[in-house]
Amino acid sequence: MKDYIKEVEKLMQIPEGYCKACGKCCEIATARGSITYKELLKVANGETNESEAVINSANDFLSTFMPFNSIDEARNVNSDFVDMILKSTKKNEHEITFFHCRYLNKDKKCQIYEDRPDFCRFYPAVDKRTFFFKGCGLEKIIKENIKKVDDIIDYLEQKAKNNGQQI
Ligand code: SF4
Ligand code: SF4
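Every chain begins its residue count from 1, and numbering advances along the sequence as written. Chain letters start at A and ligand numbers start at 1, both assigned in the order the entries are written. With the structure being a predicted model, the display of local features is reserved for residues of pLDDT at least 70 and the display and counting of side-chain atom pairs for 80 or more, all residues being used for whole-chain, interface and lining totals.

The next thing to look at is the domain arrangement of the protein chain. As far as domains go, the protein chain holds domain 1 (1-18 + 138-167) and domain 2 (23-123). Domain segmentation is taken from an automatic or database assignment of domains. Taking only C-alpha atoms, the centre of domain 1 and the centre of domain 2 are 32 Å apart.

Each axis is a line fitted through C-alpha atoms, taken for helices only over the stretch in contact, and angles between the N-to-C directions span 0 to 180 degrees. Only DSSP runs of H or I covering at least 4 residues are called helices, and only runs of E covering at least 2 are called strands; the numbering of each starts at the N terminus. It is the contact of helix H1 (residues 4-11) with helix H7 (residues 139-162), at a shortest axis distance of 9 Å, that shows an interaxial angle of 155°. As far as their axial angle goes, H7 and H1 are roughly antiparallel. Regarding H1 and H7, the two cross each other, and that crossing is left-handed. Residues Tyr4, Glu7, Val8 and Leu11 of H1 touch H7, and the partners they reach there are Asn145, Lys148, Val149, Ile152 and Leu156. Throughout this description, any angle smaller than 35 degrees is read as roughly parallel, any larger than 145 degrees as roughly antiparallel, any in the 65 to 115 degree range as roughly perpendicular, and the remainder as oblique. A crossing counts as left-handed when the near helix is turned anticlockwise from the far one by less than a right angle, and as right-handed when that turn is clockwise. Throughout, a residue-residue contact means that the two C-beta atoms, derived from backbone geometry, are no farther apart than 7 Å.

Nearness is defined per residue: the C-beta atom, placed using the backbone, must lie within 6 Å of the molecule or strand. In the vicinity of ligand 2, the contacting residues are Cys19, Lys20, Ala21, Cys22, Gly23, Lys24, Cys25, Pro124, Phe133, Cys136, Gly137 and Leu138. Polar here means any residue outside two lists: the nonpolar Ala, Val, Leu, Ile, Met, Phe, Trp, Tyr, Cys and Pro, and the charged Asp, Glu, Lys and Arg; Gly therefore counts as polar. A per-class count over the shell around ligand 2 returns 8 nonpolar, 2 polar and 2 charged.

Before going further, it helps to examine H7. Compared with an ideal rise of 1.5 Å per residue, which puts 24 residues at 34 Å, H7 spans 35 Å between its outermost C-alpha atoms and is within 8% of the ideal. When you tally the buried positions in H7, you get 1 out of 24 residues, a small fraction of the element. A positive backbone phi angle near 70° is found at Gly164, which sits one or two residues after H7. A helix's residues, less one, multiplied by 1.5 Å, set its expected span. A residue is called partly exposed when the number of other C-beta atoms within 10 Å of its own lies between 12 and 20, exposed at 12 or fewer, and buried at 20 or more, with C-beta atoms placed from the backbone.

Ranked by internal contacts, the top residues of the largest apolar core, which has 16 residues, are Leu40, Val82 and Phe98. Listing elements by their share of this core, those giving two or more residues are helix H3 (37-44), helix H5 (71-89) and strand S3 (98-101). Counting residues per element, this core draws most heavily on H5, which supplies 4 residues. Setting aside anything within four residues of it in sequence, one finds Phe98 in contact with Ile28, Thr30, Phe68, Ala74 and Val82. Put simply, a nonpolar core is a cluster of buried Ala, Val, Leu, Ile, Met, Phe, Trp, Tyr and Cys residues tied together by C-beta atoms within 7 Å.

If you want it as structure tokens, here you go:
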């Protein structure tokens, strides 16, 4: 019988060989929930009621990403991304800070690639909510893989139903 668990596990991994190393996901980003730099600093300093994991991830983010000086500077890098974030969060430009990675060089290459943080290694997540930058080499394959996982789940649910089971 087919090993569906193994198949799903494989489909949920970031596929290798599809990243074009374009650097788009490194040159502009927002922090969790698209908060401001000031708000993120408070989280990182433990001044909010967040868990240790959240505090650590805020510090990891800040050790890699630096805030743009202005919204115009961020727009010069990727105005589509800025507009998309403003629209999807329904925030105004004073309620969000855009960041860029300090380790991306002028050729859009990562200067610490072998030692890059985990959140870089696990981007883009195989998840329906993942935002893909225009032209990202991983978008198509990840969306296809998510669809395959959904199809497997549907198939197994239907099969269980036919057998009078619940999964
Ligand atoms: S550390 Fe490297 S991979 Fe991570 S965001 Fe910066 S340039 Fe990109
Ligand atoms: S945007 Fe996509 S293709 Fe470009 S570097 Fe990031 S993951 Fe790779």
